[in-house]
Amino acid sequence: MDEPLIAAARAAADHSYAPYSNFAVGAALRFADGSVVTGANVENASYGLALCAETVAVARAMAQGRRGGLIAVAVTGPGAEPITPCGRCRQILNELAQLGRTDPIILCVGPQETRSTRLSLLLPDAFGPASLD
Ligand code: THU
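1. Here's the deal with helix 1 (residues 3-13)
An α-helical turn contains 3.6 residues, so a residue and the one three or four places further along point in the same direction.
Then step 1. Buried within helix 1 we find Leu5, Ile6, Ala9, Ala12 and Ala13. Summarising the axial view, the buried residues of helix 1 lie within an arc of 120°, below the 170-degree limit, and thus occupy one face.
Then step 2. Close packing links the buried residues of helix 1 with strand 1 (26-31), strand 2 (36-40), strand 3 (70-76), strand 4 (105-109) and strand 5 (114-118).

Structure representation (structure tokens):
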């Protein structure tokens, strides 16, 4: 279990902007070079425009020029159960993962328990960059 990655996701949640849902989410991406990129959810007065923590993290990473190397993701939420990435975030994560041909570990972190899975299990038969060839 990548405890530093989980700690980074928890710390990222401290900067969540979630005044409408009061549901602070943090995400942390681990890259093959050891580096970590984080994100937190960012909501909007126009509720449907909310950005999830995972999406913010992927956008930050790609804006830094990253195009692969994604080996693990940790997501933390305030609920009683471990949080799993929403459907849209699975697809967003898949884009970066497929670019580098990795199948990242997804750590779904709850207050008591962390569940470890793989992106390919959360999003089987994914549509991605290669599908456009
Ligand atoms: N949220 C995330 O940040 N990631 C997810 O995978 C699920 C949901 C956010 C969106 C919204 O700001 C809040 O959690 C409640 O849905």
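2. A closer look at the sheet that holds strand 5
Then step 1. Reading across from one edge, 2-1-3-4-5 is the order of the five strands in this open sheet, with mixed pairing throughout. Edge positions in the sheet fall to strand 2 and strand 5, since each has one partner strand and no second. Averaged over all adjacent pairs, the angle separating strand axes in this sheet is 15°, with direction ignored.
Then step 2. Two elements, strand 3 and strand 4, share five bridges in a ladder whose sense is parallel. Its bridge partner being in strand 4, Val75 is matched across the sheet by Cys108.
Then step 3. Along the sheet face, helix 1 touches strand 1, strand 2, strand 3, strand 4 and strand 5 and points at about 145° away from the line of strand 1.
Then step 4. Against the sheet, helix 3 (residues 87-99) touches strand 1, strand 3 and strand 4, its axis set at about 160° to strand 3.

Conventions used here
- Residue numbering note: each chain is counted from 1, following its sequence as written.
- Thresholds applied to this predicted model are a pLDDT of at least 70 for local features of residues and 80 or more for the giving and counting of side-chain atom pairs; totals over whole chains, interfaces and linings are not thresholded and use all residues.
- Hydrogens and water are ignored here; the side-chain numbers use all heavy atoms of the structure.
- Burial here depends on accessible area, computed with a 1.4 Å probe over protein chains only, as a share of the maximum for the residue type. Under 20% is buried, over 50% is exposed, and the range in between is partly exposed.
- Helix numbers and strand numbers start at the N terminus; a helix is a DSSP run of H or I with at least 4 residues, a strand a run of E with at least 2.
- Throughout, the arc means that of the directions going from the helix axis to the C-beta atoms.
- Contacts: residue pairs with any heavy atoms within 4.5 Å of one another.
- By this definition, two strands are paired if DSSP reports at least two bridges between them.
- The axes are straight lines fitted to the C-alpha atoms, using for helices just the contacting stretch, and the angles between their N-to-C directions are given from 0 to 180°.

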